[in-house]
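# Architecture at a glance
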Amino acid sequence: KIMEISSMLATLWMLCVLLYFYLDLTAVPVKNRLGIPIAVVAMLFVYLLNPFKFWHYSARRWLIRRLARIFSAPYFDVEFADFWLADQLNSIVVSFGDFEFLVCFYIFDWNRDPFIEQNNKCGVVTYGLRPIVLALPAWFRFAQCLRRYFTTREGNPHLINAGKYSTTFVVVLFSSLVSWEKGNYGGVQQYSYLFVLWVLSALVSTCYTSYWDLWRDWGLMDRTSPPGQRFLRHELVYSNTWLYYLAMVGDVSMRLLWTLSVSVAEGGLIHSEILRTILSVVEVFRRFVWNFFRLENEHLNN
């Protein structure tokens with residue numbers, strides 16, 4: 001079922017992209033081609049919200065109910081499926097930003113010349129909406145952690161976990177301020193205090209989240225583990241221990257790839273949007289691997 005749905009959506013997306021590029025080779029005006037992206041989004045919403053009992057009705061209903069619980073996190077007891085799905089949302093935060101841009105574009109910039117940047121209102125942080133949207137996934141998990149603390153009165157791990165997600169707010173804040181500085185002053189000084197604060201906050205967030213991945217979410221780094229499973233844990237589902245070590249190194253390494261946006265993108269070696277797309281795909285893959293060991297730990301210990 002999963003492969004069926006993903007294949008269907010991938011085919012739909014590919015056909016629309018090819019149609020857009022094909023029309024780009026013809027005399028069809030740009031404004032007429034811009035109806036294709038919004039049509040794709042509309043079809044996805046129709047598929048998801050379709051009330052009739054076909055097209056994977058039970059799966060869509062489950063997803064909508066879980067998303068509703070996530071969006072209203074402080075007001076409901078948090079179940080495993082709720083915070084697990086919310087963690088997935090944190091790995092597609094770029095999609096939240098893209099959706100904000102899409103809505104903004106079709107409201108304000110539809111009839112503007114897309115090649116004149118000064119005419120466009122979208123993709124900037126001037127009005128403060130974009131940073132809020134980018135912080136939403138972290139807010140969902142932050143609110144869930146506070147709710148779990150309210151329910152259990154256990155500061156460890158829930159308040160500590162909430163602190164992890166709060167670091168994302170600081171990163172988004174300074175990242176937005178750096179973007180604002182760049183947009184208003186025609187470029188950002190590489191060592192301006194806002195730039196330095198952004199890099200420092202991102203480093204703290206990376207260290208915090210990497211620690212949580214390995215020690216808490218995966219339950220690894222156990223000093224009392226047997227010699228053949230050093231720095232892992234006593235019980236393992238997968239027989240090949242090298243998979244765990246590879247996953248640990250890969251998880252931290254992929255979390256550190258944001259540094260390329262400081263070195264490569266700021267240095268002009270690659271366009272920032274291209275790099276952002278690559279890093280988004282890498283983050284989805286990191287979360288894909290993370291899921292195996294997170295569910296394993298949940299199965300063994302909870």
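Owing to the predicted nature of the structure, the values given are computational and were not obtained by experimental measurement. (Residues numbered from 1 in each chain as written. Predicted model: local features only at pLDDT ≥ 70, side-chain atom pairs only at ≥ 80, totals over all residues. Heavy atoms only, no water.)

### Some details on the overall build of the protein
Put simply, the test is: Numbering of helices and strands starts at the N terminus; helices are DSSP runs of H or I of at least 4 residues and strands are runs of E of at least 2. Remark: exposure states derive from per-residue accessible area (1.4 Å probe, protein chains only) relative to the maximum for the residue type, with buried under 20%, exposed over 50%, and partly exposed in between. A contact between two residues is defined here by any heavy atoms of the two lying within 4.5 Å. Note that accessible areas follow from Shrake-Rupley with a 1.4 Å probe, and for residues the cover is restricted to the protein chains shown. When charges are tallied, Lys and Arg are placed among the positive residues and Asp and Glu among the negative ones, while His and the ends of the chain are skipped. We put the charge of a Lys on NZ, of an Arg on CZ, of an Asp on CG and of a Glu on CD.
What the protein contains, in helices and strands, is twelve helices and zero strands. Ordering the α and β elements of the protein from the N terminus gives α-α-α-α-α-α-α-α-α-α-α-α. Projected onto its principal axes, the C-alpha positions of the protein cover 70 × 55 × 40 Å. Out of the 302 residues in the protein, the part that is buried amounts to 35%. Expressed as a percentage of contacts within the protein between residues at least 6 apart in sequence, the contacts between residues at least 24 apart total 59%. Approximately 18400 Å² of the protein is accessible, and the part contributed by carbon and sulfur atoms is 68%. Here the protein contributes 27 positive and 23 negative side-chain charges, whose respective centroids are spaced 5 Å apart.

### Digging into helix 7 (residues 129-152)
Quick reminder of the rule: In a helix, the anticipated span is given by 1.5 Å times the number of residues less one. One axis is fitted to the seven residues ending at the residue and one to the seven starting there. The bend at that residue is the angle between these axes.
The end-to-end C-alpha distance of helix 7, which contains 24 residues, comes to 34 Å, matching closely the 34 Å that a straight helix rising 1.5 Å per residue would cover. A maximum bend of about 45° is found in helix 7 at Leu 136, where proline Pro 137 lies one to four positions downstream. Where helix 7 terminates, the next one or two residues include Arg 153, which has phi positive at roughly 60°.

### Digging into the packing of helix 10 (residues 242-255) against helix 12 (residues 272-301)
Using the following cut-off: Here an angle of 0 to 180 degrees is reported between the N-to-C directions of two axes, which are lines fitted to C-alpha atoms, with helices fitted over the stretch in contact. By definition in this entry, angles of less than 35 degrees are roughly parallel, angles greater than 145 are roughly antiparallel, angles of 65 to 115 are roughly perpendicular, and the rest are oblique. A crossing counts as left-handed when the near helix is turned anticlockwise from the far one by less than a right angle, and as right-handed when that turn is clockwise. Residue classes follow a fixed rule: Ala, Val, Leu, Ile, Met, Phe, Trp, Tyr, Cys and Pro count as nonpolar, while Asp, Glu, Lys and Arg count as charged, and any other residue, Gly among them, counts as polar.
The contact between helix 10 and helix 12 brings their axes to 10 Å, and the two run at 140°. Viewed along their axes, helix 10 and helix 12 adopt a mutual orientation that is oblique. The way helix 10 lies across helix 12 gives a crossing that is left-handed. Here helix 10 contributes Leu 243, Tyr 244, Ala 247, Asp 251, Met 254 and Arg 255 to the contact with helix 12, which in turn contributes Val 282, Phe 285, Arg 286, Arg 287, Val 289, Trp 290, Phe 293 and Glu 296. A class-by-class count of the residues in the contact of helix 10 with helix 12 yields nine nonpolar, no polar and five charged.

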